[in-house]
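Commentary on secondary and tertiary structure
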Amino acid sequence: MSPAPLLSVQDLKVHFDVTRKRLFGGTPAIVKAVDGVTFDLKPGETLGLVGESGCGKSTLGRAVLRLLPATAGRVVWLGEDLHSLDHAEMQQKRRDMQIIFQDPLASLNPRMTVGQIIAEPLSVFNPDLSGTEVKNRVRQMMAKVGLLPNQINRYPHEFSGGQAQRIGIARAMINNPRMIVCDEPVSALDVSIQAQIVNLLMDLQHEMGMSLIFISHNLSVVRHISHRVMVLYLGKVMEIADRDSIYANPLHPYTQALNSAVPIPDPDLERQKDRIVLKGDLPSPLNPPSGCPFRTRCPRATEICAQIMPDLLPAGPTHHVACHHAGPRER
Amino acid sequence: MSVADITLASQPEVKGRSLWADARHRFLRNKAAVSSLVIFCIIVIACFGAPYFGLRAPDDINWELESWGPPNLELGYWLGTDGNNRDLFVRLLYGGQVSLLVGFTATMVSLVIGVIWGATAGFLGGRVDGFMMRIVDILYSIPFIFFVIMLTVVFGRHITLIYIAIGAVSWLDMARIVRGQTISIRRREFIEAAEASGVSRWRIITRHIIPNCLGPVVVYVTLTVPNVILIESFISFLGMGVQEPDSSWGTLVSEAAVVMEIAPWAIIGTGSMLAITLLSLNFIGDGLRDALDPRDR
Ligand SMILES: Nc1ncnc2c1ncn2[C@@H]1O[C@H](COP(=O)(O)OP(=O)(O)O)[C@@H](O)[C@H]1O
Ligand code: SF4
Ligand SMILES: [Mg+2]
């Protein structure tokens, strides 16, 4: 039997009302950034969250942490719906959940020293801790994420992007949380540094046992770190499966397209591989296509796709896909 | 911990270079700003140190001299006498105490109220913001001089009224500036990071938002002080401010202006004191702006 989920997201919807306020109403406009997403996260598990930019990944990550209000649905954390807690109760839960951002420097207060930044979550939940104790814990954490502890009094602008991201990771880890949402933590970094940061997160997860929701627009980045991968398109789940099945046997045409865009290190294989080039751009989220949202760019789209949104159905023991014509790619 | 970790951990801590330290460095390289700061400090020390320099008392009347007499270096009347045969230079220093004090207090009031008001409105947003900023708009729409006249009519002439009147209006601009800053800072990710860490709203405002909008605030403060001094002078010039035997730069300039033709040295002396103070504060403000926000140059 699988362990009880840490987090259970049920039919979560986050809609933004972007109606331009005019004197006489104006046409209502709603962006359905997240539209009926359901998934579980087990303790110690990493869920990769993939999709093109603008498809709702960050919105989903923030709504899970209740940094954004949910329009509908539930975010159940250890049996409690986070979105029904009052402010004080929610603040208590924040000890166990954290977030790491895409732009490491923007996520650090430029007026605070590294020590103050990393110590903040610790002091919020342990106000009685002595100054020396806080400092010791911060120094230990810095060493753990690969920063020199003697840099504790430096300011964020004195660090490189990769180091700044380590500061962000140290801040997220200092309270030993049970879940961290990593919102494209390596997308803004040099390719050479991306692997270091991903490996650091994996090492820390191994040591401390927290769950991760690892967001990326790039399927290959999440491959290494994820146990399961969820593919999102215009706020809806297209496919969710174990890491191995999603890379070896993607069943959704969108996943297959994302997968074919991943470069293969071997140049011979790379040349043989025929890419599926995605036609056109992401449709406007203000006016999404009827039926299946992917149909405007899907090579397999038929009439039914324009009429009915396919349900997310099981395609294997650990594999779910939302497509009327799901199946392996024909060569 | 491995041996390597222990040696690393025991290395001396490196001192960081804060944005404030950077700004101080840039400010100190700005000659106009630094000399203005020196001049301004000399003026402040001269005014508030006047009682300890062994000078004449400001109400010391010398019957030997004529009123509005010319400068007399032998007797130490550097700017001559005023209309009541008193040492004009000494009165200028004592008057400076009032003017500078009004300038500082009113600015401090505007700073405290304006920063808290603006940061709260900008951070909370929505209806609270709308309500708080409407109050600012309403106060803004009251003509200032009308407000002062009302106060003097109701409460009579008193120096405290000037503090209240100036303090009540000068925080409005500050609140608007801070609110604008807050709204732009609020969208930055480090605020969201603090929210995600369970940091309270009050602490987010005081630890994250206010320190990051202090740059424009500091600049605005250095521009508010001369403004307030000028307003006070104006009110006193109109005869609604400081009363005899006290003086301020405003009353002294206004008295000297009347006798400009028979005693030009009086208006030149009092006027330049006021002008030098205002100018040096403006140069300091410019220097701070360049130092705190180097991109804007
Ligand atoms: N605060 C907001 N107000 C209105 N629309 C928003 C807001 N935040 C995000 N959106 C919209 O929601 C959609 C999803 O955005 P986002 O979650 O940031 O996507 P991703 O992280 O996958 O790039 C986008 O179309 C974006 O424009
Ligand atoms: S449902 Fe139709 S349009 Fe959507 S992905 Fe499947 S085949 Fe393509
Ligand atoms: Mg995003």
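Higher on the page you've got the structure.
Let us look at the structure shown here. Every value quoted in this text rests on a predicted model; they were computed, and no experiment measured them.

Criteria and cut-off values
- Residues numbered from 1 in each chain as written.
- Chains lettered and ligands numbered in written order.
- Predicted model: local features only at pLDDT ≥ 70, side-chain atom pairs only at ≥ 80, totals over all residues.
- Heavy atoms only, no water.
- Salt bridge = Lys/Arg side-chain N within 4 Å of Asp/Glu carboxyl O.
- Helix = DSSP H or I, 4+ residues; strand = E, 2+ residues; numbered from the N terminus.
- Buried < 20%, exposed > 50% of the residue type's maximum accessible area, 1.4 Å probe, protein only.
- Near = heavy atom within 4 Å.
- Polar contact = N/O pair within 3.5 Å; in protein donor to acceptor, adjacent residues only side chain to side chain.
- Areas by Shrake-Rupley, 256 points an atom, 1.4 Å probe, with all protein chains shown as cover.
- 1 Å grid on protein atoms, 1.4 Å probe; cavity = no way out; pocket = protein on both sides within 12 Å on 5 of 7 lines; lining within 4 Å.
- Points joined across faces, edges and corners; volume = space filled by probe spheres on them.
- Nonpolar A, V, L, I, M, F, W, Y, C, P; charged D, E, K, R; others polar.

1. Structural notes on the pattern of salt bridges
All names here are of chain A. Scanning all chains against the criterion turns up 23 salt bridges over all chains. For glutamate 45, the salt bridge is made with arginine 228, and the minimal N-O distance between the two is 2.7 Å. Within this pair, whereas glutamate 45 is found in the loop between strand 2 (30-41) and strand 3 (46-50), its partner arginine 228 is found in strand 9 (residues 228-233), the two being separated by 183 residues in sequence. When the shortest N-O distance is used, the salt bridge between arginine 62 and aspartate 183 registers 2.9 Å. Separated by 121 residues along the polypeptide, arginine 62 in helix 1 (residues 57-64) and aspartate 183 in strand 7 (residues 179-183) bring together distant segments of the chain. On the accessibility criterion, arginine 62 (12% relative accessible area) is buried. Salt bridges sharing partners connect three or more residues here, namely Lys42, Glu45 and Arg228.

2. Remarks on the site of ligand 1
Residues and elements named next belong to chain A. The environment of ligand 1 is formed by 13 residues, the closest being Gly54, Gly56, Lys57, Ser58 and Thr59. Between ligand 1 and cysteine 55, the relevant distance is 3.3 Å, taken from an oxygen atom to a main-chain nitrogen or oxygen of the residue. Within the side chain of threonine 59, one N or O atom sits 2.4 Å away from an oxygen atom of ligand 1. The fraction of the free accessible surface of ligand 1 (560 Å²) that becomes covered by protein chains is 64%. Counting residues per element, the ones that place at least two in the shell around ligand 1 are strand 2 and helix 1. If one sorts the elements of the shell around ligand 1 by residue count, helix 1 sits on top with three residues.

3. Concerning empty space enclosed by the protein
Evaluation of the coordinates by the stated rule reveals three cavities of 30 Å³ or more. For the largest cavity, the calculated volume is near 70 Å³. Lining the largest cavity, in full, are His252, Pro253, Cys292, Phe294, Cys298, Arg300, Ala301, Cys305, Pro310, Cys323, His324 and His325 of chain A. Residues belonging to the lining of the largest cavity are distributed by class as follows: eight nonpolar, three polar and one charged. Of the pockets and cavities examined, the second largest cavity occupies roughly 60 Å³. As for the second largest cavity, its lining consists of Asn109, Met112, Ile117, Glu120 and Arg171 of chain A together with Phe190, Ala193, Ala194, Ser197 and His208 of chain B. Of all the elements in the fold, those that place two or more residues in the lining of the second largest cavity are helix 3 (114-125) of chain A together with helix 8 (189-196) of chain B. Grouping the constituent residues of the lining of the second largest cavity by class yields five nonpolar, three polar and two charged.

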